[in-house]
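# What the coordinates show
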Amino acid sequence: MIGKLNHVAIVVPNIDIATALYRDSLGAKVSPPLDLPDHGVTTVFVELPNTKIELLYPLGEKSPIQRFLDKNPDGGMHHICYEVEDIGGAVSTLVKDGLRVLGDGTPRIGAHGKPVIFLHPKDMVGTLVELEQV
Ligand code: CO
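Figured I'd write up the structure that's included with this text. (Residues numbered from 1 in each chain as written. Predicted model: local features only at pLDDT ≥ 70, side-chain atom pairs only at ≥ 80, totals over all residues. Heavy atoms only, no water.)

### Regarding the nonpolar core
Core analysis: the largest hydrophobic core is formed by 23 residues, its most contacted members being Ile10, Ile53, Leu55, Ile117, Leu119 and Leu131. Elements supplying a minimum of two residues to this core: strand S1 (5-11), helix H1 (15-25), strand S4 (41-47), strand S5 (52-58), strand S6 (76-84), helix H3 (87-96), strand S8 (115-119) and strand S9 (129-133). Ranked by the residues each element gives to this core, the list is headed by H3, at 4 residues. Setting aside chain neighbours within four positions, we find Leu55 in contact with Ile10, Val12, Ile15, Ala18, Thr19, Tyr22, Thr42, Thr43, Val44 and Val46. The next biggest cluster of nonpolar side chains, apart from the first, holds 7 residues, and it includes Ala9, Val11, Ile65 and Leu69. (Core = buried A, V, L, I, M, F, W, Y, C linked by side-chain atoms within 4.5 Å. Buried < 20%, exposed > 50% of the residue type's maximum accessible area, 1.4 Å probe, protein only. Helix = DSSP H or I, 4+ residues; strand = E, 2+ residues; numbered from the N terminus. Contact = heavy atoms within 4.5 Å.)

### Digging into the side chain of Ser31
Tracing the chain through its elements places Ser31 in the loop between strand S2 (29-30) and strand S3 (34-36). Accessibility expressed as a relative area gives 18% for Ser31, which makes it buried. With residues near it in sequence (within four places) discarded, Ser31 still touches Val44 and Phe45.

### Observations concerning the side chain of Ser63
Note that Ser63 resides in the loop between S5 and helix H2 (66-71). According to the relative accessible area criterion, Ser63 is buried, its value standing at 7%. Setting aside residues up to four positions removed in sequence, Ser63 forms contacts with Gly40, Val41 and Pro58.

### A closer look at the environment of Gly105
Tracing the backbone shows Gly105 in the loop between H3 and strand S7 (108-109). Taking the C-alpha atoms as reference, Gly105 lies 7.2 Å from Ile117; in sequence the two are 12 residues apart. Dropping the residues within four chain positions of it, Gly105 is found in contact with Val91 and Ile117.

See below:
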């Protein structure tokens, strides 16, 4: 069902410092910061040869990652995203297997303009997992 690792998302306490770390110290190609008000995040994409790292910083009052940052003030790994070809089919298979999809279970449009869902970390050995249809 799952294909490539699309990205790993890391919540950061300071987007400029984190961007400089990846760009200057690690020598990676980074995008300019992109505000995604619908998702309550500012994101910087770090492009690696085989996948992406997404640096996430809270945007707005009700950012879904603010609580994560409150609990993890140094930042930390937030989720990993696997690619799937058919997200509807993936959801029905996983729900049948007893896995919980966050929210109402309907795919929504993610940060890359493609349908995504998130699986409950308690069902995924402690890791928040995003599936993205590519
Ligand atoms: Co993501």
